[in-house]
Amino acid sequence: MSNTEPAPAEVACAASPFAGVLHPREVPLGGPRAIRVRRTLPQRERSLIGAWCFVDHYGPHDARSGGGMDVPPHPHTGLQTVSWLFSGEVEHRDSAGVHAMVRPGELNLMTAGAGICHSEVSTSATSILHGVQLWVALPDVARDTARDFAHFVPTPRMLGGATLRVFLGELAGERSPVHTFTPLLGAQVDLEPGAELTLEVDPAFEHGVLLDHGEVSVAGTALNVADLAFQAAGNDRLSVTNDGEGSARLLLLGGPPFPEELVMWWNFVGRNHDEIATYRTQWEEGDDRFGAVQGYHGAVARLPAPPLPNVTLRPRPNPGV
């Protein structure tokens, strides 16, 4: 997905002592047929959870009456994209030559490395579009790696009154085979009505709980839809409760604190202003760094980059760092 806020601000991704609940803001996604998404990361209070640096939650969106997703080819650097759906179907094409479908309960992970471009279009089979798009920052030693793509379908596991689907990392004895460049955890957790679940988690990890639907509390704090509860490293348990009479669904994200300062602007993750400016120029000039997407047919051939802000982009540490 593309970060298409009209005036994207500089965001320096670094750990912070914030502990609490992050609330989303609504932003448009895509080109001429933009849909609205709820963006929870990054924020001023907190830019990262482990290497997770971007969290968008969208839907349930009626693709029949309001149009679906149509994000033209757009670039990325220095990150991996994690696509995860609850309903609907999205067609993915990228400049590594990958043509794949994103379907509910199936992980699609794209590695941008030094540069890639891709498009995302919901299919005609989609009536309700509902899911998340997540980005993972690559560490300096791996950020110029080659383009890559992985697909994985986790096996659901029952655990008390919950069903787990571990798509990245390891949780409760379930392990994903998908390679990441820093330790990560990504899992969907479905809770039965009234279920209370306490998970053993890696104390070296920070964790975030993103609520998709239901009446869920984390450590006694109630969440609204698309809220992201944060738990700092140093805890070996994480507790969630479904306080409602219906089912609930959430995503659990985690990883060790990311030690590097990053500059994230539009769809690029870099280390300083000059890098970001170079990426933007190369994209606008059609440089081979990003390649080209074959087979996309949309209103515009590719998303243009917005103008750079009239300031020098720089790492901006979180409050208290």
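In this text the structure is predicted, and so the values were computed from the model without any measurement.

What counts, and at which threshold
- Residues numbered from 1 in each chain as written.
- Predicted model: local features only at pLDDT ≥ 70, side-chain atom pairs only at ≥ 80, totals over all residues.
- Heavy atoms only, no water.
- Pairing = 2+ DSSP bridges.
- Helix = DSSP H or I, 4+ residues; strand = E, 2+ residues; numbered from the N terminus.
- Axes fitted to C-alpha atoms, helices over the stretch in contact; angles between N-to-C directions.
- Buried < 20%, exposed > 50% of the residue type's maximum accessible area, 1.4 Å probe, protein only.
- Salt bridge = Lys/Arg side-chain N within 4 Å of Asp/Glu carboxyl O.
- UniProt positions renumbered as here; feature names shortened; annotations may be inferred.
- Polar contact = N/O pair within 3.5 Å; in protein donor to acceptor, adjacent residues only side chain to side chain.
- Expected span 1.5 Å × (residues − 1).
- Contact = heavy atoms within 4.5 Å.

Draft legend 1. Representation of the sheet that holds strand β6 (residues 70–76) within the structure. The strand order across the open sheet built from 4 strands is β6-β11-β8-β9, with neighbouring strands paired in antiparallel fashion. Bordering the open sheet on either side are β6 and β9 (99–102), each of which pairs with just one other strand. When strand polarity is set aside, the average angle formed by the axes of neighbouring strands in this sheet is 20°. Pairing of β6 with strand β11 (residues 116–122), which is carried by 5 bridges, proceeds in the antiparallel orientation. In the sheet register, Val71 faces β11, and the bridge partner there is Glu120.

Draft legend 2. Highlighting the pairing of strand β10 (residues 107–111). Along β10, 5 of the 5 residues are buried, which leaves the element largely enclosed by surrounding structure. Taking every second residue as pointing to the same face, both faces of β10 are buried, with Leu107, Leu109 and Thr111 on one and Asn108 and Met110 on the other. Here 4 bridges tie strand β7 (residues 79–87) to β10, and the two strands are oriented antiparallel to one another. Bridge pairing in β10 links Thr81 to Met110. Note that β10 and strand β13 (residues 148–152) share 5 bridges and pair antiparallel.

Draft legend 3. Up close: the pattern of salt bridges. This model, assessed by the stated rule, comprises 14 salt bridges. The shortest N-O distance in the salt bridge between Arg93 and Glu91 comes to 3.1 Å. Put simply, Asp140, Arg143 and Glu275 are held in one network by salt bridges that share partners.

Draft legend 4. A look at the UniProt feature "binding site: Fe cation" (unreviewed entry) in the chain. Within this structure's numbering, the places UniProt gives as "binding site: Fe cation" (unreviewed entry) are His74, His76, His118 and Glu120. The named residues occupy 47 residues along the chain; their greatest pairwise C-alpha distance, 13.4 Å, places them in one compact cluster. Its place among the elements puts His74 in strand β6. At a separation of 2.8 Å, a polar atom in the side chain of His74 contacts the main-chain carbonyl oxygen of Pro72. With respect to the secondary-structure elements, Glu120 resides in strand β11.

Draft legend 5. Summary view of helix α2 (residues 273–284). The end-to-end C-alpha distance of α2, which contains 12 residues, comes to 17 Å, matching closely the 16 Å that a straight helix rising 1.5 Å per residue would cover. For α2, the set of buried residues is His273, Glu275, Ile276, Ala277, Tyr279, Arg280, Gln282 and Trp283. Where α2 is buried, its residues touch β6, β11, β26 (262–265) and β27 (268–270). Its side-chain oxygen placed 3.2 Å from the backbone nitrogen of Asp274, Asn272 serves as the N-cap of α2. Just past α2, the residue Gly286 takes up positive phi, approximately 70°.

Draft legend 6. Representation of the UniProt feature "domain: Pirin N-terminal" (unreviewed entry) in the chain within the structure. Cross-referencing UniProt, the feature "domain: Pirin N-terminal" (unreviewed entry) maps to residues 36–136 in the present numbering. Along residues 36–136, the helical share is 4% and the strand share 62%, with 21 Å between the first and last C-alpha atoms.

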